[in-house]
Amino acid sequence: MELDTLIKSNKKKIRVGRGIGSGKGKTSSRGHKGQKSRSGVAIKSFEGGQMPLYRRLPKRGFKSINKKNNIAILNLSKIQSMCEKKENDLKNSLDLKLLKEKKLVNKKFLKLKILGKGELKSKIEITAHYASKQAQDKITKTGGKLNIIKK
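Conventions used here
Residues numbered from 1 in each chain as written. Predicted model: local features only at pLDDT ≥ 70, side-chain atom pairs only at ≥ 80, totals over all residues. Heavy atoms only, no water. Helix = DSSP H or I, 4+ residues; strand = E, 2+ residues; numbered from the N terminus. Buried < 20%, exposed > 50% of the residue type's maximum accessible area, 1.4 Å probe, protein only. Polar contact = N/O pair within 3.5 Å; in protein donor to acceptor, adjacent residues only side chain to side chain. Contact = heavy atoms within 4.5 Å. Pairing = 2+ DSSP bridges. Axes fitted to C-alpha atoms, helices over the stretch in contact; angles between N-to-C directions.

## So, the side chain of Gln80
Now for step 1: Secondary-structure assignment places Gln80 in helix α3 (residues 76-84).
Now for step 2: Judged by relative accessible area, which is 8%, Gln80 ranks as buried.
Now for step 3: Reaching out from Gln80, the side chain makes a polar contact with the side chain of Glu84 at a distance of 3.0 Å.
Now for step 4: A distance of 3.2 Å separates a polar atom in the side chain of Gln80 from the backbone nitrogen of Ser122.
Now for step 5: Discounting residues that sit within four places of it in the chain, Gln80 has contacts with Glu119, Leu120, Lys121 and Ser122.

## Focus: unusual backbone geometry
Now for step 1: Of note, Ser29 is a non-glycine position whose phi angle comes to about 65°, a positive value.
Now for step 2: Within the secondary structure, Ser29 sits in the loop between α1 (3-6) and α2 (53-56).
Now for step 3: Exposure remark for Ser29: the relative accessible area of 55% places this residue in the exposed category.
Now for step 4: Despite not being glycine, Lys33 has its phi angle at roughly 50°, a positive value.
Now for step 5: As for its placement among the helices and strands, Lys33 is situated in the loop between α1 and α2.

## What to know about the sheet that holds strand β1 (residues 71-75)
Now for step 1: A sheet is described by the order of its strands in space; here 3 strands give the open sequence β1-β3-β5, paired in parallel fashion. Looking along the sheet, the strands with just one partner apiece sit at the ends: β1 and β5 (130-131).
Now for step 2: Summarising the sheet, strand β3 (residues 111-115) and β5 pair through 2 bridges and their orientation is parallel. Looking at the pairing, Lys113 lines up with Tyr130 of β5.
Now for step 3: Its contacts with the sheet place α3 against β1 and β3, and it is angled at close to 80° to β1.

Everything listed here is a matter of geometry and, on its own, says nothing about what the molecule does.
Spelled out as structure tokens, the structure:
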């Protein structure tokens, strides 16, 4: 017979505080007196008087639960550098779907926002959800077109 079959599978639960004869009576393995022997006491992050970890670490800001991190932000300088690179092959139009296909933007993004930092030299048609005033001015100045999707 194997050793596994000899081990009892339905062991009885140890019932503490049920008299001397049980072996776990009187103090119920809690020792004598002290905070830990009492009921309803939880010493979760207590470190014996040492400064607890949560108080040793610095406080740093907070994360808003309502913040939406699904907007891809592109500056005009970044768009210009994308247009100049030959492997991107961005013809004359640019939108979020195309950027995802070319793997220039992560697939988790649902919307596209254009900001006006940098200069745009190439004439390009951009389709985005949001755009800053500065970006709109610069795109129209170069002869490009900006389509804003309303949703």
